[in-house]
Amino acid sequence: MTVRRVVPNVRSEAMRENREFYGLLGFEEAMNQGWIMTLASTTDPTAQISVMTHDETAPVVPDVSVEVDDVDAAYAAMCDSGAEIVHSLRDEEWGVRRFFVRDPNGRVINVLSHRR
């Protein structure tokens, strides 16, 4: 399995203020769904941060998102290991297939792949 990118998720109601703040560090808006906005580096588009007011289709806001090349294999590995699945594997309408799993520190990890 290959990790494509890791994105921290920041919970905040201050979307505009975050866009302006991270813009000063060289980030620009790459995606905005209203409840989640992803900002990407202008020089390295895989360097990203997401700001979320809530998660539209999941029970919690994840702490980190990890994009992998094979989310089904990642899900099977986590299930086989006995890890706590917080949000089961599913296709989301905005083009990702994802699930949430709790890491050993109690953090919720959003594991995803973009659907083709």
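Residues numbered from 1 in each chain as written. Predicted model: local features only at pLDDT ≥ 70, side-chain atom pairs only at ≥ 80, totals over all residues. Heavy atoms only, no water.

On to the overall build of the protein, then. Tallying secondary structure elements over the protein gives 2 helices and 8 strands in all. Secondary structure elements of the protein, listed N to C terminal, follow the sequence β-α-β-β-β-β-α-β-β-β. Relative to the 2.2 N^0.38 estimate, which gives 13 Å for 116 residues, the radius of gyration of the protein is 14 Å and therefore close to what a compact globule would have. The C-alpha extent of the protein, read off along each of the three principal axes, is 45 × 30 × 25 Å. Across the protein, the 12 positively charged side chains and the 19 negatively charged ones have centroids separated by 1 Å. (Helix = DSSP H or I, 4+ residues; strand = E, 2+ residues; numbered from the N terminus. Rg over C-alpha atoms; globule rule 2.2 N^0.38 Å. Lys, Arg positive; Asp, Glu negative; His and termini not counted. Charge placed at Lys NZ, Arg CZ, Asp CG, Glu CD.)

Right, let's talk about the environment of Val 6 for a bit. Relative to the helices and strands, Val 6 is located in strand β1 (residues 3–11). The class of Val 6 is partly exposed, set by a relative accessible area of 47%. Sequence spacing of Val 6 and His 54 is 48 residues, and the spatial spacing of their C-alpha atoms is 19 Å. (Buried < 20%, exposed > 50% of the residue type's maximum accessible area, 1.4 Å probe, protein only.)

Before going further, it helps to examine the side chain of Thr 53. Among the secondary structure elements, Thr 53 is positioned in the loop between β4 (48–52) and β5 (64–68). Residue classification places Thr 53 among the buried positions, given a relative accessible area of 11%. Side chain to side chain, Thr 53 and His 54 meet in a polar contact 2.8 Å long. When residues no more than four places from it in sequence are discounted, the contact partners of Thr 53 are Arg 11, Ser 12, Glu 13, Met 15 and Trp 35. (Polar contact = N/O pair within 3.5 Å; in protein donor to acceptor, adjacent residues only side chain to side chain. Contact = heavy atoms within 4.5 Å.)

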